[in-house]
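Now for the letters of each chain:
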Amino acid sequence: MNNAEIDANRHGTSQDAKAAVAVKFAKSLLENMGEITTAEITEVRTAGYSDAEIVEIITHVAMNIFTNIIGKASHVDIDFPKVELKLAA
């Protein structure tokens, strides 16, 4: 991924239309603690994602949440530079 794509992903989108739907879905999963709407599932399916791929997106979000909780609870030292989120103007 190039830096522009990474930055887009951090802001909940993508330069690729299909990937943008997946990233938007992942962001909604996180922000709504898994409470997604039928419309959101339909949007992901319409973009071309299979049920297995939708479960994979959900699993990746859950693994990231789990990893963050483990890191915070165990007070793991961060050994890489912190990334500052650039907010869109």
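This text goes with the structure placed above it.
We now turn to the structure provided with this report. In this text, all values refer to a predicted model and were calculated from it rather than measured experimentally.

**Considerations on the packing of aromatic side chains**
Item 1. Going through the model one piece at a time under the given rule, you end up with 0 aromatic pairs.
Item 2. A cation over a ring is seen here: Lys18 above Tyr49, with NZ or CZ 4.7 Å from the ring centre.

**Regarding the nonpolar core**
Item 1. Val21, Ala22, Phe25, Ala26, Leu29, Ile41, Val44, Tyr49, Ile54, Ile57 and Val61 together form the largest nonpolar core, which totals 11 residues.
Item 2. Looking at this core, the elements with two or more residues in it are α2 (17-31), α3 (38-46) and α4 (51-74).
Item 3. Considering each element in turn, this core owes the most residues, 5 residues, to α2.
Item 4. Look past the residues within four positions of Phe25 in its chain and what remains in contact with it is Ile36, Glu40, Ile41, Val44, Ile54, Ile57 and Ile58.

The rules we used
- Residues numbered from 1 in each chain as written.
- Predicted model: local features only at pLDDT ≥ 70, side-chain atom pairs only at ≥ 80, totals over all residues.
- Heavy atoms only, no water.
- Phe/Tyr/Trp six-rings, centres within 6.5 Å; stacked < 30°, edge-to-face > 60°.
- Lys NZ or Arg CZ within 6 Å of the ring centre and 35° of its normal.
- Core = buried A, V, L, I, M, F, W, Y, C linked by side-chain atoms within 4.5 Å.
- Buried < 20%, exposed > 50% of the residue type's maximum accessible area, 1.4 Å probe, protein only.
- Helix = DSSP H or I, 4+ residues; strand = E, 2+ residues; numbered from the N terminus.
- Contact = heavy atoms within 4.5 Å.

Such coordinate-based values are descriptive only and should not be taken to indicate function.
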